[in-house]
Amino acid sequence: MTSVVSTSPRTIRIGSRKSQLALIQTYWVQEQLQKSFPGISFDVHTMSTHGDKILDVALAKIGDKGLFTKELEVGMLNQEIDFAVHSLKDLPTRLPQGLVLAAITERENPADALVVHEKHKDKQIDTLPEGAVIGTSSLRRLAQLRHHFPHLQFKDVRGNLNTRMSKLDAGEYDALILAVAGLERLGMGDRIHQSLPKEISLHAVGQGALGIECREDDSELLSLLKAIEHPETRDRCLAERAFLRELEGGCQVPIGVNTEIVGENLTLTGIVASVDGQKLVKDTVTGVAQNAEQLGQELAQLLRQQGAQEILDEIFAQIQRGS
Ligand code: DPM
């Protein structure tokens, strides 16, 4: 008797935003999967997301529930694509019903970087002159830097990395703060002037890692995607995401984190700051990495006891008022 084996190879459709960074990330994931599963074809389908279409509005004002992810999620639920590759930090901590975070890839350097105008090439973040204009659209970066360097000025900056760099080089800003990982992936690592230490800027939840989202009932794909998962990054990012979820924070909140794994233990540090940089609460928890999500929740509760909720409520009210 011959056994029946399914020989029709499946074609898996990967959804991606059209931005240069998104495509680099998606092609990287495609290549890793193609190497692991040479018999399956992985095709890339691009889509524009809401966040890509409104480049001139400050991020914090347009709300952020899935700004860069929603169209891809609709595509997955409609079976137009099978999975989507996201910068994990742009993926909301609550996913739509029917979708799951299937895998988290190995994290690159999660730090923030200082990129300076040529005239400041001998300066560091702590030696930039009084009134120097720093370009950032991140409330997290803004709040932490204002806290440490009240003599600096801050101005919104939007657009892709090339646009931002041209504005910097044209003298509209003295410096920009951008993710090390994004600059490196785009081949602009040479513009990283200083990697900001965690004492100055705690990075965003999930920064530097990629998150793969797919339908929860696609068990075949879920098991394939495990091939590109990095367990240590997953534990760290699950702790960070549980912390953010517990605080009901979206992607545009002045919440920063740092995680480390030593042996079996995971250490998670978190910060919640007011936009003016005046109020800031920070604490650290350590426990076994297996309980990553529980650690994140614990840290959120600790910070809540120290006033984090009042700081966040104030920010949500400000954003609602459109100020
Ligand atoms: C989110 C933030 C920013 C991005 C907010 C934050 C930065 C916005 C800005 C949630 N998403 O970090 O506090 O400064 O204007 C984004 C970048 C990357 C993914 C670029 C960057 C690349 C790094 C990565 C935008 N999303 O942070 O400079 O994949 O982790």
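Scoring rules and cut-offs
- Counting of residues starts from 1 at the beginning of each chain's written sequence and follows it residue by residue.
- In keeping with the model being predicted, local features are shown solely for residues with a pLDDT of at least 70 and side-chain atom pairs are shown and tallied solely at 80 or more, while totals for entire chains, interfaces and linings include all residues.
- By convention in this description, side-chain values take in all heavy atoms of the structure and omit both hydrogens and water.
- Pairing between strands is defined by DSSP: at least two bridges between them are needed.
- Under the scheme used here, helices are H or I runs from DSSP no shorter than 4 residues and strands are E runs no shorter than 2 residues, and both carry numbers assigned from the N terminus.
- Helix axes are fitted to C-alpha atoms over the stretch in contact, other axes to C-alpha atoms as well, and angles between N-to-C directions run from 0 to 180 degrees.
- Here a residue-residue contact requires only that any non-hydrogen atoms of the pair lie within 4.5 Å.
- Near is defined per residue: the residue qualifies when any heavy atom it owns lies within 4 Å of the molecule or strand.
- Two N or O atoms form a polar contact when they lie within 3.5 Å of each other; inside protein one atom must be a possible hydrogen donor and the other a possible acceptor, and for residues adjacent in sequence the pair counts only when both atoms belong to side chains.
- Note on areas: Shrake-Rupley with a 1.4 Å probe; residue coverage comes only from the protein chains shown.
- Note on residue categories: nonpolar means Ala, Val, Leu, Ile, Met, Phe, Trp, Tyr, Cys or Pro, charged means Asp, Glu, Lys or Arg, and polar means any other residue, Gly included.
- Two rings from Phe, Tyr or Trp (for Trp, the six-membered ring) form a pair when their centres are within 6.5 Å of each other. A pair whose planes differ by under 30 degrees is stacked, one over 60 is edge-to-face, and the rest are tilted.
- In this scheme, the term charge over a ring applies when either NZ of a lysine or CZ of an arginine sits within 6 Å of the ring centre and within 35 degrees of the ring normal.

Comments concerning the sheet that holds strand β11 (residues 255-262)
Judged by pairing direction, the sheet is antiparallel, and its three strands sit side by side in the order β11-β12-β13 without closing on themselves. A single partner strand is all that each edge strand has here, and the edge strands are β11 and β13 (280-288). Shown here is a sheet whose adjacent strand axes are inclined to one another by a mean of 15 degrees, direction ignored. Sheet strands touched by helix α9 (residues 292-305): β12 (265-273) and β13. Its angle to β13, the strand with the most contacts, is close to 150 degrees. Running over the sheet, helix α10 (residues 308-321) touches β11, β12 and β13 and is turned about 50 degrees from β12.

A closer look at the site of the ligand
The immediate surroundings of the ligand are formed by 21 residues, with S87, K89, D90, S138 and G208 found nearest. The separation between an oxygen atom of the ligand and a polar side-chain atom of R140 is 2.9 Å. A distance of 3.0 Å separates an oxygen atom of the ligand from a polar atom in the side chain of R185. Here the ligand loses 92% of its free accessible area of 630 Å² to cover by the protein chains. Contributing elements (two or more residues each) for the shell around the ligand: α1 (20-36), α4 (139-148), β8 (175-179) and α6 (180-185). Of the residues belonging to the shell around the ligand, the class tally is six nonpolar, nine polar and six charged.

Considerations on the packing of aromatic side chains
Scanning the model with the defined rule gives zero aromatic pairs in all. Sitting above the plane of the Y173 ring, K155 keeps its charged end 4.8 Å from the centroid.

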